[in-house]
There are 2 protein chains.
Amino acid sequence: MERNLLLTLQYDGSGYHGWQVQENARSVQGVFQQALFSVLGVRPDIKACSRTDTGVHAREFCLSMKLSHGIPTERLVGALNHFLPPDIAVTGCRPVPPDFHARYSCRGKRYVYEIWNHPVRNPFLYGRALHYYHPIDAELLNRAAQHYLGRHDFTAFCTLDKREAGDFCRTVTESHVERDGDMVRFTVAADGFLYNMVRIMTGTLLGVQQGRFAPEDIPAILQSRDRSCAGVTAPACGLYLQKVFYDLPEEAAANEE
Amino acid sequence: MERNLLLTLQYDGSGYHGWQVQENARSVQGVFQQALFSVLGVRPDIKACSRTDTGVHAREFCLSMKLSHGIPTERLVGALNHFLPPDIAVTGCRPVPPDFHARYSCRGKRYVYEIWNHPVRNPFLYGRALHYYHPIDAELLNRAAQHYLGRHDFTAFCTLDKREAGDFCRTVTESHVERDGDMVRFTVAADGFLYNMVRIMTGTLLGVQQGRFAPEDIPAILQSRDRSCAGVTAPACGLYLQKVFYDLPEEAAANEE
């Protein structure tokens with residue numbers, strides 16, 4: 001009997017050209033599909049919650065797939081982790097309703113952008129955080145981040161891409177900056193994200209730090225709908241897909257990490 | 001005028017065959033000396049606080065060297081970091097008295113052994129923590145760790161090595177196990193450490209977890225002076241040199257991390 005399964009993954013994106021399979025480049029999806037083939041001998045169609053770019057990390061990445069193979073879900077997790085390289089881990093697997101689709105059923109996602117804010121780099125965070133030398137005023141950036149909240153047209157915060165549909169409006173439900181010792185974290189959740197949106201939001205916050213923008217300039221940047229009005233695209237290495245939101249029955253949700 | 005300088009380093013040891021220069025193997029010392037030569041054009045004699053083994057990390061590693069070159073200490077730090085790879089960082093440099101020696105002046109060191117205790121590995125901790133699948137009772141291990149405190153002959157906790165002198169007595173001043181979420185940390189400080197001592201202490205604590213030993217067996221293991229009575233040598237990847245203790249004037253100490 002065919003089951004629809006939701007799998008959760010974590011990965012360090014440093015060694016990958018993003019999630020999606022590409023010619024002549026190592027991708028998380030390619031490596032995952034190879035592990036799946038090693039375990040089951042089949043190549044099911046995988047629906048992913050989203051793509052991640054080269055060097056972007058995931059603390060929770062979700063995918064769904066329909067599987068006729070009868071392998072118990074716990075055994076599938078263990079077997080996949082056996083075949084996957086150490087920088088990718090399957091953290092969970094559970095059955096979901098037949099109409100569940102990791103991308104189309106997604107209600108929203110949370111990203112975190114991590115900045116190591118110290119004059120000296122941290123050897124343990126190479127490829128895992130942006131290194132920012134000069135002191136960051138996290139409260140100032142947090143004031144700026146409040147202006148992202150709510151429903152806005154985020155065209156100014158998007159690298160234009162033929163893949164994008166015409167609607168650039170997104171609803172941001174969480175947006176804050178916090179300091180934890182020498183680490184500064186920008187957390188943002190929304191019902192959806194445009195291409196490079198979190199990295200441009202981060203780059204714009206760093207523009208506030210650098211005096212290029214005031215926190216109160218962000219509404220005007222949003223209204224401009226002009227990419228050149230926003231800040232730079234912050235490097236991929238600091239970006240983590242942190243959480244993917246679905247409406248799923250409580251019982252199934254209890255299997256979550 | 002010749003200055004005696006104390007430098008502090010951090011490094012991720014994953015990519016190195018330990019601290020010490022070896023033929024045909026990449027060592028932290030070798031890479032550091034090359035960076036020093038790139039900056040100053042000289043190869044001063046480096047006195048290190050200790051050696052670290054292949055794959056062992058350092059959050060604070062200390063070395064001293066006598067330098068005739070007049071480069072200001074802040075500039076030396078910046079220039080070395082420019083030439084060093086991203087998994088090594090110089091975090092400080094300060095002048096110390098002429099008779100200071102990073103090894104002989106050392107009063108003691110603190111190590112931390114980190115264990116990721118979760119059924120699924122953590123892709124962000126590969127090479128940076130031991131992955132231990134089964135639940136660890138950190139309070140049980142902490143009770144066992146108390147028996148390491150004080151002055152003991154640690155022959156049973158030493159990989160015998162021709163380099164070691166005849167005195168195997170060391171004074172352990174801190175020894176405790178704590179849980180922080182899914183991470184379990186064993187912290188141990190002593191006036192000195194024998195070869196593989198922390199890794200065998202950790203392996204013995206894990207032997208307590210596995211029921212091979214009771215916490216109260218540790219005094220008898222110490223008294224046996226027999227390596228085969230203690231637990232296994234835990235893998236290098238979880239071990240961090242955390243702190244090196246010196247008696248130095250307060251003013252100089254204020255420059256510390």
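Look a little higher up for the structure.
Thresholds, definitions, all that
- Residues numbered from 1 in each chain as written.
- Chains lettered and ligands numbered in written order.
- Predicted model: local features only at pLDDT ≥ 70, side-chain atom pairs only at ≥ 80, totals over all residues.
- Heavy atoms only, no water.
- Salt bridge = Lys/Arg side-chain N within 4 Å of Asp/Glu carboxyl O.
- Helix = DSSP H or I, 4+ residues; strand = E, 2+ residues; numbered from the N terminus.
- Buried < 20%, exposed > 50% of the residue type's maximum accessible area, 1.4 Å probe, protein only.
- Polar contact = N/O pair within 3.5 Å; in protein donor to acceptor, adjacent residues only side chain to side chain.
- Contact = heavy atoms within 4.5 Å.
- Buried area = accessible area lost by both parts, 1.4 Å probe.
- Nonpolar A, V, L, I, M, F, W, Y, C, P; charged D, E, K, R; others polar.

Peer 1: What is the right way to look at the pattern of salt bridges in this model?
Peer 2: Two side chains of opposite charge can pair, provided their charged atoms sit close to one another. Scanning the entire structure with this criterion turns up 22 salt bridges over all chains. Across the pair Arg128 of chain B and Asp12 of chain B runs a salt bridge whose closest N-O atoms are separated by 2.8 Å. A residue pair is termed long-range when its members are at least 10 positions apart, and Arg128 of chain B in the loop between β5 (106–117) and β6 (130–132) and Asp12 of chain B in the loop between β1 (3–11) and α1 (28–40) qualify at 116 residues. Accessibility assignment for this pair places Arg128 of chain B and Asp12 of chain B in one class, buried. Each of Arg59, Glu114, Asp180 and Arg185 of chain A takes part in one network of salt bridges that share partners.

Peer 1: In this structure, what is going on with the side chain of Arg170 of chain A? I would like to understand it.
Peer 2: Structurally, Arg170 of chain A can be placed in strand β8 (residues 169–180). A distance of 2.9 Å separates the side chain of Arg170 of chain A from the backbone oxygen of Asp167 of chain A, its partner in a polar contact.

Peer 1: What should I look at first to understand the interface of chain B and chain A in this one?
Peer 2: Counting residues at the interface gives 25 residues for chain B, matched by 25 residues for chain A. With both sides pooled, the region where chain B packs onto chain A buries about 1900 Å², and carbon together with sulfur makes up 59% of that total. On the chain B side of the contact with chain A, Arg121, Pro123 and Phe124 of chain B bury the most area, a combined 38% of that side's loss. Taken together, chain B and chain A are joined by zero salt bridges. Linking chain B to chain A there are ten residue pairs in polar contact (both at pLDDT 80 or more). Only β1, β3 (57–67) and β4 (88–96) of chain B provide two or more residues apiece to the side of chain B that touches chain A. Counting residues per element, the side of chain B that touches chain A draws most heavily on β4 of chain B, which supplies four residues. Its residues placed into classes, the side of chain B that touches chain A shows 13 nonpolar, six polar and six charged.

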